[in-house]
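One-letter residues, chain by chain:
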Amino acid sequence: MLIQAARTLFVLAVFLMASMAWAQTEREDAAPASPTPPAEAASGEFSDLYRIGVDDRLQVSVWRNPELSVTVPVRPDGRISVPLVGDVMAGGRAPQEVAADIEKQLATYVRDPKVAVILVDLRSHEFISRVRVTGAVRQPVSVPYRQGMTVLDAVLQAGGVTDFAAANRSRLHRRDADGAVETRDIRLGDILDGGKLESNLDVRPGDVITVPERAL
């Protein structure tokens, strides 16, 4: 009889402990997660590298101050308008740089402001990621860059060269990371007429191909 009673008490104790643990887990699961300031949630490698351009749309979020949060386009002068702060320069800067600038200016009005600047619509990205073909071609064009695109691909999209083109004096102009323009010779006539592909270079976003006219 005593053994049976001890077994019953043991089972009840185990059940009670399990019930208490389950209830604690339920309370923890139900508790809301601590809010994370948007400035922390918005960080990322892309945002660190991307430079904001004209016509991009930005979402400016001020943590715990929704009345100060806005979604705005970047104006032609490179600026955006933010409540309380006014105009802020955004063009040519990373989102984190703009957020830090807004935080600094908002500190006059808001205690310890936390700001995130999020890219909503990259409208300027298409413009800087194009390849342009100008000069003695049948239709000067600005075409979207595609992975693996070559000089020949771009020139064919321009309809080829005109009868007055000095094709072998064509050039590819490319801006490097320091802003300097690098020029490469393209023997476009050899590419088009002789299938000689030595100078059929791969193009990059922002490249400009120029085809001069020959002297008459």
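Everything below is about the structure shown above.
Please read these numbers as outputs of a predicted model, since none were measured by experiment. (Residues numbered from 1 in each chain as written. Predicted model: local features only at pLDDT ≥ 70, side-chain atom pairs only at ≥ 80, totals over all residues. Heavy atoms only, no water.)

### A few points about the packing of aromatic side chains
In this structure the tally under the stated criterion is zero aromatic pairs. For R64, the ring lying beneath its charged end belongs to W63, and the centroid distance is 4.2 Å. (Phe/Tyr/Trp six-rings, centres within 6.5 Å; stacked < 30°, edge-to-face > 60°. Lys NZ or Arg CZ within 6 Å of the ring centre and 35° of its normal.)

### Quick notes on the pairing of strand β3 (residues 79-82)
Going residue by residue along β3, you find I80 and V82 tucked away on one face and R79 and S81 left uncovered on the opposite face. In the sheet, β3 pairs with strand β4 (residues 86-89) via four bridges, with the strands oriented antiparallel. By the bridge assignment, V82 is partnered in β4 with G86. (Buried < 20%, exposed > 50% of the residue type's maximum accessible area, 1.4 Å probe, protein only. Helix = DSSP H or I, 4+ residues; strand = E, 2+ residues; numbered from the N terminus. Pairing = 2+ DSSP bridges.)

### Structural notes on the pattern of salt bridges
By the definition in use, this model includes 10 salt bridges. Sharing partners across several salt bridges, the network here consists of R75, D77 and D87. (Salt bridge = Lys/Arg side-chain N within 4 Å of Asp/Glu carboxyl O.)

### Looking at the environment of G148
Considering the arrangement of structural elements, one finds G148 in the loop between β7 (141-144) and α6 (151-157). For G148, a relative accessible area of 48% translates into the label partly exposed. Measuring from C-alpha to C-alpha, the distance between G148 and R204 comes to 8.9 Å, with 56 residues separating the pair along the chain. Excluding residues that lie within four positions of it along the chain, G148 makes contacts with D153 and D202. (Contact = heavy atoms within 4.5 Å.)

### Comments concerning the sheet that holds strand β10 (residues 208-211)
Pairing within the open sheet is mixed, and its five strands lie in the order β7-β6-β10-β8-β9. Strand pairing shows two members of the sheet lacking a second neighbour, β7 and β9 (181-186), which therefore form its edges. The average angle at which neighbouring strand axes cross in this sheet is 20°, direction not considered. (Axes fitted to C-alpha atoms, helices over the stretch in contact; angles between N-to-C directions.)

### Comments concerning the pairing of strand β6 (residues 130-135)
One ladder, built from four bridges, connects β6 with β7; its direction is antiparallel. Note on β7: the bridge partner recorded for R132 is S142. Connecting β6 to the antiparallel partner β7 that follows it, the hairpin turn spans five residues. Sheet analysis places β6 next to β10, joined by four bridges and oriented parallel. Paired with R132 across the strands is V208, a residue of β10.

### Some points on the sheet that holds strand β1 (residues 57-62)
An order of β2-β1-β5 is seen for the three strands of this open sheet, with the pairing classed as antiparallel. Every other strand in the sheet has two partners, leaving β2 (70-73) and β5 (115-121) as the edge strands with one partner each. With strand direction ignored, the average angle separating the axes of adjacent strands in the sheet is 25°. When β1 meets β5, the two strands line up antiparallel, connected through six bridges. In the strand pairing of β5, S61 is matched with A116. Across the sheet, helix α4 (residues 95-106) lies against β1 and β5, angled at about 140° from β5, the strand it touches most.

These results come straight from atomic positions and should not be treated as a statement about function.
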